[in-house]
Amino acid sequence: MSIIGEVVETVKALTQGLKVTLSYIPKEKLTNQYPDEPVEVFSAYRGEHYLNVDENGKERCVACFLCSAACPADAIYIEATEDLRPYEQRSSVEERYAKIYNIDYGKCILCGFCVEACPKDAIRHGHNFEMAVTNFADLIKDKEYLLENRNRESQIPVVIIDSQMNVK
Ligand code: SF4
Ligand code: SF4
């Protein structure tokens, strides 16, 4: 190919590339200025879990182990125990409850199987995605942390959008 031919081909290629770039300028920008602005997440987003409580603040978990059995990543560790005191005096809905309930986020793949397996609506996915830590030990979240996550939901810097209405 002659030099003139090469120049023509190069200009053609550049023009094609620039056309794509220029065509995006008038379009709506999808860049999210995180962390200055909240991130939009769908309501069904599977973020860090929280342990759920009933209307009186009693732990819903009955330590049935169904969630840990359903977990494909072996990320849930539970130790069960009993509190035989009446409902008003104990911290759990049922006498049987989880003395220890840990989720290891070094293993968890946020698949949602544990949430689906739970017969007591005791574990749910929250919307927190800020889960980075600086050492492996901090990836294991205990029961107290997971219970408190329920209260943290309202502080997470996200705008929750309905997955049915906003799918484009
Ligand atoms: S979300 Fe999936 S991987 Fe994570 S704890 Fe639940 S079942 Fe296990
Ligand atoms: S979170 Fe649900 S499935 Fe898991 S042990 Fe508790 S009650 Fe059972």
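Residues numbered from 1 in each chain as written. Chains lettered and ligands numbered in written order. Predicted model: local features only at pLDDT ≥ 70, side-chain atom pairs only at ≥ 80, totals over all residues. Heavy atoms only, no water.

**Regarding the site of ligand 1**
- In the vicinity of ligand 1 there are 13 residues, among which Cys71, Cys108, Cys111, Gly112 and Cys114 approach most closely.
- Looking at the shell around ligand 1 residue by residue, the class counts come to 10 nonpolar, 3 polar and no charged. (Near = heavy atom within 4 Å. Nonpolar A, V, L, I, M, F, W, Y, C, P; charged D, E, K, R; others polar.)

**Some thoughts on the site of ligand 2**
- Taken together, 13 residues lie near ligand 2, and Cys61, Cys64, Phe65, Cys67 and Cys118 sit nearest.
- Looking at the shell around ligand 2 residue by residue, the classes come out as 13 nonpolar, no polar and no charged.

**Section: helix H4 (residues 143-152)**
- When we look at burial in H4, the residues that qualify are Lys143, Leu146 and Asn149. Looking straight down H4, one finds its buried side chains confined to an arc of 110°; they lie on one side.
- The elements touched by buried residues of H4 are strand E2 (49-51), strand E4 (96-104) and strand E6 (140-141). (Buried < 20%, exposed > 50% of the residue type's maximum accessible area, 1.4 Å probe, protein only. Helix = DSSP H or I, 4+ residues; strand = E, 2+ residues; numbered from the N terminus. Arc of directions from axis to C-beta. Contact = heavy atoms within 4.5 Å.)

**Re the side chain of Asp83**
- With respect to the element layout, Asp83 can be found in the loop between strand E3 (76-82) and E4.
- A polar contact of 2.8 Å, which involves the side chain of Asp83, links it to the side chain of Arg85.
- Not counting the four nearest positions on each side in its chain, Asp83 is found in contact with Arg90, Ser91, Glu95 and Tyr97. (Polar contact = N/O pair within 3.5 Å; in protein donor to acceptor, adjacent residues only side chain to side chain.)

**Some thoughts on a nonpolar patch on the surface**
- Nonpolar side chains collect at one region of the surface, where Ile3, Val7 and Val11 lie side by side and expose about 300 Å² of accessible area between them.
- Classification of Val11 by relative accessible area gives partly exposed; the value is 45%. (Patch = residues over 30% accessible without salt bridge, like charges linked within 9 Å, V, L, I, M, F, W, Y side chains within 5 Å. Areas by Shrake-Rupley, 256 points an atom, 1.4 Å probe, with all protein chains shown as cover. Salt bridge = Lys/Arg side-chain N within 4 Å of Asp/Glu carboxyl O.)

**Focus on the domain arrangement of the protein chain**
- Splitting the protein chain by domain gives domain 1 (1-27) and domain 2 (39-161).
- Here domain 1 and domain 2 have C-alpha centroids that lie 54 Å from each other. (Domains from an automatic or database assignment.)

**A closer look at unusual backbone geometry**
- The step from Tyr34 to Pro35 runs through a cis peptide bond, and the omega angle for that step is 5°.
- With respect to the helices and strands, the residue Pro35 is situated in the loop between helix H1 (3-24) and strand E1 (39-42).
- Residues other than glycine seldom take positive phi values, yet Asp74 does so here, at roughly 55°.
- Secondary-structure assignment places Asp74 in the loop between helix H2 (66-70) and E3.
- What makes Asp74 exposed here is its relative accessible area of 54%.

**Focus on the environment of Lys58**
- When you line up the elements, Lys58 lands in the loop between E2 and H2.
- In this structure, the C-alpha to C-alpha distance between Lys58 and Phe129, residues 71 residues apart in sequence, is 26 Å.
- Discounting residues that sit within four places of it in the chain, Lys58 has contacts with Asn52, Val53, Tyr87, Glu88, Gln89, Arg90, Ser91, Ser92 and Val93.

**Brief notes about the pairing of E4**
- Where E3 lies against E4, 7 bridges are found, and the strand directions are antiparallel. If you follow Ala80 over to E4, its bridge partner there is Ala98.
- Pairing between E4 and E6: 2 bridges, direction antiparallel. The residue of E6 that forms the bridge with Ile103 is Lys141. (Pairing = 2+ DSSP bridges.)

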